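Breakdown of the fold
Here are the chains, one letter per residue:
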Amino acid sequence: MTPSASFVSLPSGIRRLPWLRIAQVGLLLLVVLVVVGCAVPASSGAPGASGSPAAPTHTPAPPLQPAKPGDPVSTLAWLFTPVFQAMFIVLVAVYDFFTFIGAPAAIAWAIVFLTLLVRTIVIPLYRRQLVSQRRMQMLQPEIKEIQRRYKGDGVKARVAQQELFKERGVSPLAGCLPLILQMPLLLIMYSVISNGLTNVNPTAMLQVFGHQVVPLTCNNINPATGQPDAALGPCIDTIIPFLGTTIFDIHLGGFVLGISILAIAAALLQLVMSRMMLPQTKPADDDPNTKIQRQTMLLLPLISVAYGGFLPAGLFIYWITANIYTIIQQYFIVGWGGTFPLFGWTPAFAHGHTPRFPVTMPPPPEPSKRAPILTDADKKTTAEKTIRPRERGRQGRRGRRR
């Protein structure tokens, strides 16, 4: 799961729509279910993590095996097992290749390759998400004008915004649906790295229809029994010595919080990625939604740094690779965005920069074809219906003769 901060900025009127609330709740439930489901195939994993040695233990750990349908959680895990298995097979195959050629830190290169492969697969979805978010930012001036025109009438303001999105071909959910579609894929990869690599015997996940697709020689074979031993660590060599240490430790009442180099690098890249998606405006001119986005943009990288004390280094390798890939994608689509000015400084290469594949907004239709609520025609029509025509030649009661 990449901690990406590419938030979809929605106007305040759209946030109150029930169907968008339902979509947000559905996304949250989907994330929770996929996390739980993906953890089921690897729930029996042994201790240890990428970047940190496995703690010696004599407790036997069962092998990693595909999930079977049963209760709702097991059924969900069973549905996502083929994707989990495909990613794990690719990861092990690349790991075997780098191990064969004698490359140092083979598992790190395997994680980088798998991350690039997954991010390449979801390019169409992520591009649609970026385009939708950028177009939503481009429509902000017209949305503000609608809110000013119908100030005090929230119903008409929402109807006018819907008509504006309809005539411009922009859907508020277009930025959420690609995220929902790619989220299970990214969470499964998260499970592959965090759980698949720490298992004592993951050979069963390398078998398709009873045949092992990729050969794997475990590093934890006990000479006495000839079987993988949990006391010797995980099957795959996940130790990356020069990445498993921390810069320093913070002692808080006996609790040690490690700050890793990888966590700081991931946080800095996440900060750059988030600033690129901000609109090119001054912070003083931002609307409330953009101000909240700027504040959250600074909070999430700090959380990533805090995670560095207990999360395996392999996950940060995945996050760093995914963030670099995302920054390159955003550079081609939105350019530098709101990255600069930084502390009042804007480099020369950022002045007047045009992205290679800029996002364009469909032109508005002719005034005669626009919805009346978006023009003054709606107000005129409403006013004509409320004014009663005055009949000429009609005399009042006092002017009548008896």
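Source: prediction; values computed, not measured.

1. Remarks on the side chain of Thr326
With respect to the helices and strands, the residue Thr326 is situated in helix 11 (residues 313–334). Apart from the residues lying within four places of it in its own chain, the contact partners of Thr326 are Arg119, Tyr126 and Met273.

2. Side note on unusual backbone geometry
Each neighbour pair has its own omega, and for Phe340 with Pro341 the value is 5°, a cis peptide bond. A positive phi is found at Ala105, a non-glycine position, where the angle reads about 55°. Along the polypeptide, Ala105 turns up in the loop between helix 3 (72–100) and helix 4 (106–121). With relative accessibility at 22%, the residue Ala105 sits in the partly exposed group. A positive phi is found at Phe209, a non-glycine position, where the angle reads about 55°. Position of Phe209 among the secondary structure elements: in the loop between strand 1 (207–208) and strand 2 (211–212).

3. Here we look at the nonpolar core
Among the nonpolar cores identified, the biggest contains 45 residues, and Phe88, Ile111, Val192, Leu197, Ile236 and Tyr318 are the most heavily contacted of them. Of all the elements in the fold, those that place two or more residues in this core are helix 3, helix 4, helix 8 (177–194), helix 9 (261–276) and helix 11. Element by element, the count of residues in this core is highest for helix 3, at 11 residues. Excluding residues that lie within four positions of it along the chain, Leu197 makes contacts with Phe88, Leu91, Ile107, Ile111, Val192, Pro234, Ile236 and Thr238.

4. So, the environment of Leu64
With respect to the helices and strands, Leu64 occurs in the loop between helix 2 (18–39) and helix 3. Put simply, Leu64 and Asn195 are 131 residues apart on the chain and 9.3 Å apart in space, counted from C-alpha to C-alpha.

5. Considerations on the packing of aromatic side chains
Per the counting criterion, the structure on display carries 12 aromatic pairs. Between Phe340 and Phe349, the ring centres sit 5.9 Å apart and the planes meet at 85°, which makes this aromatic pair edge-to-face. With relative accessibility at 18%, the residue Phe340 sits in the buried group. On the basis of relative accessibility, which here comes to 48%, the residue Phe349 falls in the partly exposed class. Of the aromatic side chains, those joined through ring pairs into one cluster are Tyr331, Phe332, Trp336, Phe340, Trp345, Phe349 and Phe357. The ring of Tyr126 has Arg119 sitting right over it, with the charged end atom 5.2 Å from the ring centre.

The rules behind these values
Residues numbered from 1 in each chain as written. Predicted model: local features only at pLDDT ≥ 70, side-chain atom pairs only at ≥ 80, totals over all residues. Heavy atoms only, no water. Helix = DSSP H or I, 4+ residues; strand = E, 2+ residues; numbered from the N terminus. Contact = heavy atoms within 4.5 Å. Buried < 20%, exposed > 50% of the residue type's maximum accessible area, 1.4 Å probe, protein only. Core = buried A, V, L, I, M, F, W, Y, C linked by side-chain atoms within 4.5 Å. Phe/Tyr/Trp six-rings, centres within 6.5 Å; stacked < 30°, edge-to-face > 60°. Lys NZ or Arg CZ within 6 Å of the ring centre and 35° of its normal.

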